[in-house]
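Chain by chain, the residues:
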Amino acid sequence: MKIVNQSLPKMDGISLVTGKPVYTDDLAPKEALVVKVLRSPHPHALITSIDKGRAEKMPGVVCVLTHQDVIRKPFTRAGQAYPEMSPHDKFLLDHRVRHVGDDVAIVAAIDEKTAEKALKMIKVTYEMQPMVLDMETADTMPPIHPEEDIKALANFGHDPAHNIAGRVDFELGSVDEVMPECPVVVTHTYKTQGQAQAMMETQRTYSYLDVYGRLVIVSSTQIPFHVRRILGNALDLPLSKIRVIKPRIGGGFGSKQTVHSEFYPALVTMITGKPAKIVYTRREVFRGTTSRHAMTFDITLGADRDGKIRAIDMKGIWDTGAYGEHAATTLGSAGKKVLTLYNKVEASRFSGKAVYTNHVPGGALRGYGVTQGIFALESAMNELAETLDMDPVALREKNMIRKGETTKLYNMVTKGAGDAPMYMDSCLLEECVSRGKALINWDQKRITPQRHGNKVRGVGMAISQQGSGLPNIDMAAATLKLNDDGFFNLALGSTDIGTGADTILTQIAAEALGVSMDKIVLYTADTDVTPFDSGAYASSTTYTTGNAIIDAADKMKSAIVTAAAAYFQTTEEHISYQGDQLICYHPEDSITLADFANKITYSTMHQQLCVTGSFIPKKAAPPYMAGFAEVEVDLETGKVTPIDFVGVVDCGTPINPRLASVQAEGGIVQGIGLALYEEATYTRTGKLIQDTFMQYKIPGRADVGKVRVELLDGYDETGPFGAKSIGEVVLNTVAPAIADAIHHACGVRIRQLPATPEKVFMALREKTLDKK
Amino acid sequence: MKLNTTINGMPKNLEIRPDDYLVDVLRANGYLGVRQGCDTGNCGVCTVHLDGKSVLSCVLLAIKAEGHEITTIEGVPQQAATIANFFVEQGADQCGYCTSGTVMNILYMEQLVEDPTEEEIKHFLKGNLCRCTGYASQLRAIQAYFNLRRQQKSEGQVPRGGYEDENRKPESP
């Protein structure tokens, strides 16, 4: 391997850092109308009247649109493979608003200030409806979605009459039989908050009609092909009339896996025929898009006294907010990709319901449910270790999945898996744990917490896995074209949202074709010219798109060999493709790829070699990680300071070790934000309080301590050159490891994130009072 | 109303409104390396220099630049490219959206702190948020950049600070 497993620089890096105009808003036409959305100030209300007359008459206003002006048709904004697994419960500009920030009307004007002024001129009368703000009681409240025409395409128990967006239930063995036999049983409740993706570039889109009158959408999205389909559905347009292009993306983390800013300029362009653009404000992102689904999980673990875990029971409630976007799928992941970590249990059970409330909708965020499930299960594991008076590492070592092992759960929860056991042949979880333990100096630090005055240091740990793409669900394709002078165009529908995917995929193509990187010219992603790709989510790009490239490269090599055989007037078995050279053994001859490409283009054969490969994952290929945290707790204030975090990751072959390590470092810091800083709370009238970066605290560089990452030398035979995924797994262990480190330091358990100074302080006070 | 200012060394006479923020005026006039992240002066993405000092252009009224000198990332191409090389080398570029603001603040830091320690770098750049990298790779890149500067200075190549053109060097605070 010459090009993969090399830390090459990101190909677009210099342009990005030196400020080149490459993002959506940099490219929007200057004459584009500026679109603004009027958003609901109420959590749940019916619009009884809406008067747009004054706004329309304002000079500079081109159009004002409300529910009276658009087609009424249910759809989902969640970007997932078709048929979507999220319910079709959203109407564009509905007459019922379901959360503070829901869309009410849009204005298009010649500039931003005019559009903003016009928003204030729209007179809306609302009739308040009962608010549903508590997920625990949501299913007993009047429905948020009483409409009869909403529907679910997939069967996840959608029951809008009871505010249920979806249910997920599965069981291995019988928990009711095994649990009562267990001598040690631990039960606790855990809660995580609606974390924000907080990508630095907010959602933004511009649109125009091309010379053929087709609608062109240029958008900061993770999912160009899903955008095309979802827009077509929502606006009732044939997909052949829509083209979606993504330029450089300023971060995604799941935020752009749901269609938001695309609808409004598209509507304006369709109605006025003029280019239009929208740039979301930061507050609009917080109130009007999605966040991680907040959850409550009850976990019961049953074990023998020697630490053998026999039964796990997970029961969860998921707050999907006003719409069921990604609800049942994130909820399912919280069980499927979590319970499979402990494959030696006799029984495990998962039962969860995702409920509608009048909160900001839940959506996709790095980790996609697994983060929440891991926090709950791994925290419970650490509490079980305490109950058993056992080292948490030893408890994991006794119970976790290891190389070559499997569990029937994999067959139960993987689509199209069949009955044949799915062995985790590439699993290096055991090595992740032992290496992490050594790096943080666990054995020494875990004995006694270090105390200096009022400050105490403790260590904690957790393990995690994730997926690599979605088996039998998400497909990627790659098109390769051989040009004169012997270089290749590689067209992909995948989206690099900042991870370096474009560079990594070029590395894979160059390696597979045996040529240098400069012989590969990559283009992503444009639904008119690049082949299909589900998009940048579910940790799929390296694994799924990478495998599609390998398929395309194999087809290209065989097309070249066939053409070369004709060129040398021989048969294919006498031709050897060697990247820059083609060797013919009989008759003995050779030609450079550049000369050959020139010849077949211009002089001898006159043909264009162009092939498309595709790939769909067939088997679960989970990456694994062990995370070890050291924190310092200030006993006087309750403030928790992260000191050190060690993450050891098995991502198979890292195609680009440096970019993979930075993925891990970034994921760990998002995990620190989830664990300690990022609060999402609501007023009693259903308004999100932390709706700008003034109130919503994402970690800054002085807030994270030392972050250390080590990638193990893994290899998964189903991955491209042995690669598995890395994007999401890296976030999950952080919160449970930090929560356990806090407990180790000062003896209090934080079961509800984030572990703010206030929560830790109150818990410390309670503990002291209990002692007295 | 008119705004008389200097942008990247060029005198400019721009038509603005009294309530325009500087970031919007700069972007409308083609300085697209200036990006916006938060609208509330919290994330540092929109950092530019006003008379050589870092300012947050999303919370600064454009008229405040009347008679002053603005520098955007487009005005420091060599310095930006030097820092960019270290960022890319460390994989610290990622989505890149926050980096033009961070680069501008690194250049300002260089004016104030001769040879910053790790703590000084973290403290100085606190206001430049990044959601992708987790900061560790950025720290490595920034340290490598200052190593280079130290080396250049010891070899007498650069008099002082990030503005290589002495005439545009900001005054010491």
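The model shown is predicted, which means the values in this text are computed figures rather than measured ones. (Residues numbered from 1 in each chain as written. Chains lettered and ligands numbered in written order. Predicted model: local features only at pLDDT ≥ 70, side-chain atom pairs only at ≥ 80, totals over all residues. Heavy atoms only, no water.)

1. Details of the interface of chain A and chain B
At step 1: Contacts between the two partners involve 56 residues from chain A and, on the opposite side, 54 residues from chain B.
At step 2: Summed over both partners, the interface of chain A with chain B comes to about 4200 Å²; 55% of that surface belongs to carbon and sulfur atoms.
At step 3: In this assembly, chain A and chain B are joined by eight salt bridges.
At step 4: Put simply, Arg27(B) and Asp26(A) hold a salt bridge, and the shortest N to O gap is 2.6 Å.
At step 5: On the surface where chain A and chain B come into contact, there are 28 residue pairs in polar contact (both at pLDDT 80 or more).
At step 6: When contributions to the side of chain A that touches chain B are tallied by element, the ones reaching two or more residues are helix 1 (13-17), helix 2 (24-27), helix 8 (282-288) and helix 18 (657-677) of chain A.
At step 7: Top element by residues in the side of chain A that touches chain B is helix 18 of chain A. It accounts for eight residues. (Contact = heavy atoms within 4.5 Å. Buried area = accessible area lost by both parts, 1.4 Å probe. Salt bridge = Lys/Arg side-chain N within 4 Å of Asp/Glu carboxyl O. Polar contact = N/O pair within 3.5 Å; in protein donor to acceptor, adjacent residues only side chain to side chain. Helix = DSSP H or I, 4+ residues; strand = E, 2+ residues; numbered from the N terminus.)

2. With respect to the packing of helix 18 of chain A against helix 20 (residues 734-746) of chain A
Residue and element names in this part refer to chain A.
At step 1: The geometry of helix 18 relative to helix 20 is characterised by a closest axis approach of 8 Å and an angle of 55 degrees between their N-to-C directions. Between helix 18 and helix 20, the interaxial angle falls into the category oblique. In the crossing of helix 18 with helix 20, the sense of the turn from one axis to the other is right-handed. Counted together, Ile 668, Gly 671, Ile 672, Leu 674, Ala 675 and Leu 676 of helix 18 and Val 734, Ala 735, Ile 738 and Ile 742 of helix 20 form the full contact between these two elements.
At step 2: Split into classes, the residues belonging to the contact of helix 18 with helix 20 amount to nine nonpolar, one polar and no charged. (Axes fitted to C-alpha atoms, helices over the stretch in contact; angles between N-to-C directions. Parallel < 35°, antiparallel > 145°, perpendicular 65-115°, else oblique. Left-handed = near helix turned anticlockwise from the far one by under 90°. Nonpolar A, V, L, I, M, F, W, Y, C, P; charged D, E, K, R; others polar.)

3. Describing the sheet that holds strand 1 (residues 2-7) of chain B
All names here are of chain B.
At step 1: What the five strands build is an open sheet, ordered 2-1-5-3-4; its pairing is mixed. On the outer flanks of this sheet lie strand 2 (10-15) and strand 4 (53-56), each paired with one strand and no other. Averaged over all neighbouring strand pairs, the angle between strand axes comes to 40 degrees, with direction disregarded.
At step 2: Of the strand pairs in this sheet, strand 1 and strand 2 are connected by six bridges, and their pairing is antiparallel. Across the sheet, residue Ile 7 finds its bridge partner in strand 2, namely Met 10.
At step 3: Relative to the sheet, helix 3 (residues 99-112) contacts strand 3 (47-50), strand 4 and strand 5 (69-71), its axis offset from that of strand 3 by approximately 40 degrees. (Pairing = 2+ DSSP bridges.)

4. Observations regarding the domain arrangement of chain B
All names here are of chain B.
At step 1: Segmenting chain B into domains produces domain 1 (2-74) and domain 2 (76-154).
At step 2: Measuring from the centre of the C-alpha atoms in domain 1 to the corresponding centre in domain 2 gives 21 Å.
At step 3: With 17 residues of domain 1 at the contact, the number on the domain 2 side is 17 residues.
At step 4: When domain 1 packs against domain 2, close to 1300 Å² is buried across both sides, 58% of that on carbon and sulfur atoms.
At step 5: Three residues stand out in domain 1 for area buried against domain 2, namely Arg 35, Val 45 and Ile 73, and they jointly supply 38% of the buried area on that side.
At step 6: Viewed at the interface, domain 2 and domain 1 are joined by zero salt bridges.
At step 7: Where domain 1 touches domain 2, the interface holds 10 residue pairs in polar contact (both at pLDDT 80 or more).
At step 8: The set of elements that each furnish at least two residues to the side of domain 1 that touches domain 2 consists of strand 3 and strand 4.
At step 9: Here the side of domain 1 that touches domain 2 is built from residues that sort into three nonpolar, 11 polar and three charged. (Domains from an automatic or database assignment.)

5. Notes on the nonpolar core
Side chains that are nonpolar tend, in soluble globular proteins, to be buried together.
Residue and element names in this part refer to chain A.
At step 1: Counting residues in each nonpolar core, the largest one holds 175 residues, and the members touching the most others are Tyr 264, Ile 312, Leu 429 and Ile 742.
At step 2: With 10 residues, the top contributor of residues to this core is helix 10 (residues 370-388).
At step 3: Discounting residues that sit within four places of it in the chain, Leu 429 has contacts with Leu 341, Met 400, Ile 401, Ile 463, Tyr 624 and Met 625.
At step 4: Residues Ile 3, Leu 482, Ala 548 and Ile 655 belong to the second largest nonpolar core, which totals 50 residues. (Core = buried A, V, L, I, M, F, W, Y, C linked by side-chain atoms within 4.5 Å. Buried < 20%, exposed > 50% of the residue type's maximum accessible area, 1.4 Å probe, protein only.)

6. Considering the environment of Tyr368(A)
All names here are of chain A.
At step 1: In this structure, Tyr 368 sits in the loop between strand 17 (362-363) and helix 10.
At step 2: Since its relative accessible area comes to 14%, Tyr 368 is described here as buried.
At step 3: Separated by 141 residues in the primary sequence, Tyr 368 and Ala 509 have C-alpha atoms spaced 29 Å apart.
At step 4: In contact with Tyr 368, other than residues within four places in its own chain, are Gln 80, Gln 257, Arg 292, His 326, Thr 329, Thr 330, Ser 333 and Glu 728.
At step 5: Polar side-chain contacts of Tyr 368 include one of 2.7 Å to the side chain of His 326.

7. Focus on the side chain of Ser534(A)
Residues and elements named next belong to chain A.
At step 1: The residue Ser 534 is located in the loop between strand 22 (520-524) and helix 16 (541-567) in this model.
At step 2: Judged by its relative accessible area of 4%, Ser 534 is buried.
At step 3: Discounting chain neighbours no more than four positions away, the residues touching Ser 534 are Ile 223, His 226, Asp 474 and Met 475.

8. Points about the packing of aromatic side chains
At step 1: Going through the model one piece at a time under the given rule, you end up with 18 aromatic pairs over all chains.
At step 2: When the ring of Tyr190(A) is compared with that of Phe375(A), the centres are 6.0 Å apart and the planes differ by 85 degrees; the resulting orientation is edge-to-face. Taken together, the residues Tyr190(A) in strand 8 (residues 184-192) and Phe375(A) in helix 10 connect sequence positions 185 residues apart. For the pair formed by Tyr190(A) and Phe375(A), the shared burial category is buried.
At step 3: Ring geometry for Tyr145(B) versus Phe146(B): centroids 5.3 Å apart, planes at 70 degrees, classification edge-to-face.
At step 4: Residue classification places Tyr145(B) among the buried positions, given a relative accessible area of 1%.
At step 5: For Phe146(B), a relative accessible area of 2% translates into the label buried.
At step 6: Pairwise contacts between aromatic rings join Phe170(A), Phe297(A), Trp318(A) and Phe350(A) into one cluster.
At step 7: Above the plane of the ring of Phe91(A) lies Arg72(A), whose end atom (NZ or CZ) is 3.8 Å from the centre.
At step 8: Seen from the ring of Tyr323(A), Arg77(A) lies directly overhead, with NZ or CZ sitting 5.1 Å from the centre. (Phe/Tyr/Trp six-rings, centres within 6.5 Å; stacked < 30°, edge-to-face > 60°. Lys NZ or Arg CZ within 6 Å of the ring centre and 35° of its normal.)

9. Quick notes on the pattern of salt bridges
At step 1: Considering all chains together, one arrives at 64 salt bridges over all chains under this definition.
At step 2: Put simply, Lys555(A) and Asp551(A) hold a salt bridge, and the shortest N to O gap is 3.3 Å. With Lys555(A) and Asp551(A) both in helix 16, this residue pair falls four residues apart, about one helical turn.
At step 3: For Lys555(A), a relative accessible area of 38% translates into the label partly exposed.
At step 4: In this structure, Glu665(A) and Arg140(B) form a salt bridge, with 3.2 Å as the shortest nitrogen-oxygen distance. On the criterion of chain membership, the pair formed by Glu665(A) in helix 18 and Arg140(B) in helix 5 (residues 136-154) is interchain, its members lying in two chains.
At step 5: You can call Glu665(A) buried: its relative accessible area is 5%.
At step 6: When salt bridges that share partners are traced, they join Glu383(A), Glu386(A), Arg446(A), Asp740(A), Arg749(A) and Arg751(A) into one network.

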